[in-house]
Amino acid sequence: MKHRIVVLGAGYAGAYAAGDLARRLSPADAEITVVNAAPDFVERMRLHQLASGQDLAVRKLTDVFAGTGVRLRLAHVTGIDPERRTVTVTPVDAATGEDGTSRASGIRTDELAYDTLLYALGSSVAHHGVPGAAEYAFDVAGRSSALRLRERLAALGAGGTVLVVGEGLTGIETATELAESRPDLTIALAARGELGAWLSPKARRHLRRAFDRLGITVHDHTAVEAVEPTRAIAAGGTPLPADVTVWSAGFAVHPLAAAAGLQVAETGRIVVDRTMRSVSHPEIYAAGDSAHAIGDNGRPLPMSCASAGFTTMQATGAIIARLTGGEVPTTGLAYYGNHISLGRRDAVFQMVGEDVRSKTWYLGGRTAARLKAGVLAGAAWNIAHPTFGMPKRRRRLTTAPMPDRTAVRTGATPGVTTGATPGVTPGVRVAP
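Residues numbered from 1 in each chain as written. Predicted model: local features only at pLDDT ≥ 70, side-chain atom pairs only at ≥ 80, totals over all residues. Heavy atoms only, no water.

Q: Would you mind going over unusual backbone geometry with me for this structure?
A: Keep in mind that most residues, glycine aside, have a negative phi and that most peptide bonds are trans. A positive phi angle is found at arginine 85, which is not glycine, with a value near 55 degrees. When you line up the elements, arginine 85 lands in the loop between β5 (71-81) and β6 (86-91). On the accessibility criterion, arginine 85 (34% relative accessible area) is partly exposed. Positive phi values are uncommon outside glycine, yet methionine 276 reaches one of about 75 degrees. Tracing the backbone through its elements, the reader meets methionine 276 in the loop between β20 (270-271) and β21 (284-286). (Helix = DSSP H or I, 4+ residues; strand = E, 2+ residues; numbered from the N terminus. Buried < 20%, exposed > 50% of the residue type's maximum accessible area, 1.4 Å probe, protein only.)

Shown next, in the form of structure tokens:
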């Protein structure tokens, strides 16, 4: 019987993982299934561009995995039973995107059995319990929500007001992209702290100049405590006018892993060892935003595409080694900095040290923007070619794996650095 590998999610982490496993494991021994609710691959790093009116290439997952041997199941994951090693899913209609239903029995559910599970379901917008945020605010955390924002902005006439809540990477990129694409609108950003406070002084000045050039109003030290249809309410009751409020004040993972009994961190992310294997359920691995992984600097890796690259390569490398009797490799989990788009012709690339404090050097302007464009293009190309360079001889599975030297360590482990996801600058954080 073939070893059943089920990958949950086909974002940057899941899609790359499935392709890497298919590229390196023999199809005679392993069966790889990807479960994803959407029929298309979503370039999450570019959803703020989609919302602003740009058209992105649509990559059907059926085309992505065609000829790779990877099985695609379009379905919502509704439960995991680690004891029985099964995943409960609700099938999705590829044409409508709706749950599969039956007039007689209602919503249909199926079960998928697995021997090894790779959990890569990513994250979604976090409203933090702020009243009205879920009801009235838009976001760019998913394709459907970005398209809803796009439709709303298209109907917003000249002079309309847009308030972006959140001074993180996603908030900055969204505000600058909207301001550049729609100069007829009044764009503002509400920052709980100070805009760009984590950047070096020079990079911070560059960011402020970009906001001034684009005409974006910044409300520093402004915590939004409620969202209403035409305004947001800041601490102290101060109203902030907004025909459209865009919520980008953080991300959260689905409680599915915690509900299944896996050990999770306070954030709900799966606690993993150095090889991305669940510390509570060794047949389950996690990658991307879903994994609470400790980087080489001793700190949890942030939710980012770069982290997805590192954790995915570590997880697939460990899975392959353990199934084929090889020695588990150690992928470097370094964190080098932040890469922030400021519209299509400007960007900031800020290096950080091991303590995650910004270094004095940074790269800005068109050169940084071209570098970011290359990162985005490279990541998309690699997703579209998941098994590029497929070897003529792929590894057969064995029942006698070599001793595992890294199974239970949760801290940084010195070893061979195998790099990051091709097309993504190693250790550079870009908006998730």
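Q: It is not clear to me how the pattern of salt bridges should be interpreted in this structure. Could you clarify?
A: Pairing is possible between side chains of opposite charge, provided their charged atoms come close. Applying the stated criterion to the full structure yields 24 salt bridges. Here aspartate 40 makes a salt bridge to lysine 60, at a shortest N to O gap of 3.2 Å. With a gap of 20 residues between them, aspartate 40 in strand β3 (residues 40-41) and lysine 60 in strand β4 (residues 59-60) connect regions that are remote in the sequence. We classify aspartate 40 as buried; its relative accessible area is 12%. (Salt bridge = Lys/Arg side-chain N within 4 Å of Asp/Glu carboxyl O.)

Q: Mind showing me how you'd approach the side chain of arginine 269 here?
A: When you line up the elements, arginine 269 lands in the loop between α8 (256-259) and β20. Here aspartate 289 takes part through its backbone oxygen, which lies 2.8 Å from a polar atom of the side chain of arginine 269. Setting aside chain neighbours within four positions, we find arginine 269 in contact with Val253, Gln263, Val264, Gly288, Asp289, Ser290, Ala291, His292, Leu301, Pro302 and Met303. (Polar contact = N/O pair within 3.5 Å; in protein donor to acceptor, adjacent residues only side chain to side chain. Contact = heavy atoms within 4.5 Å.)

Q: Quick question: what am I supposed to make of the packing of aromatic side chains here?
A: The geometry of two aromatic rings is summed up by the distance between their centres and the angle between their planes. Evaluated as defined, the whole model comprises 2 aromatic pairs. The interplanar angle of 85 degrees and the centroid separation of 5.3 Å between the aromatic rings of tyrosine 12 and phenylalanine 41 together place this pair among those described as edge-to-face. With tyrosine 12 in helix α1 (residues 12-24) and phenylalanine 41 in strand β3, this residue pair connects regions lying 29 residues apart in the sequence. Here the aromatic rings of phenylalanine 349 and tryptophan 361 are separated by 6.2 Å at their centres, their planes lie at 85 degrees, and the arrangement is edge-to-face. Here the residue phenylalanine 349 occupies a position in strand β24 (residues 347-352), and tryptophan 361 occupies one in strand β25 (residues 358-364), the gap between them amounting to 12 residues. (Phe/Tyr/Trp six-rings, centres within 6.5 Å; stacked < 30°, edge-to-face > 60°.)

Q: Would you take a moment to explain helix α5 (residues 143-154) for this structure?
A: For an α-helix, 3.6 residues make a turn, and residues three or four places apart therefore share a direction. With 12 residues, α5 should cover 16 Å at 1.5 Å per step; its first-to-last C-alpha distance of 16 Å lies within 8% of that length. Inspection of α5 places Ser145, Ala146, Leu149 and Leu153 among the buried residues, and these make up the whole buried set. Along the long axis of α5, the arc covered by the buried residues comes to 100 degrees, so they all point the same way. Pointing more than 90 degrees away from the buried face of α5 are the exposed residues Glu151 and Ala154. Those residues of α5 hidden inside the fold are in contact with α2 (47-52), β12 (161-165), α6 (169-181) and β18 (244-247). (Expected span 1.5 Å × (residues − 1). Arc of directions from axis to C-beta.)

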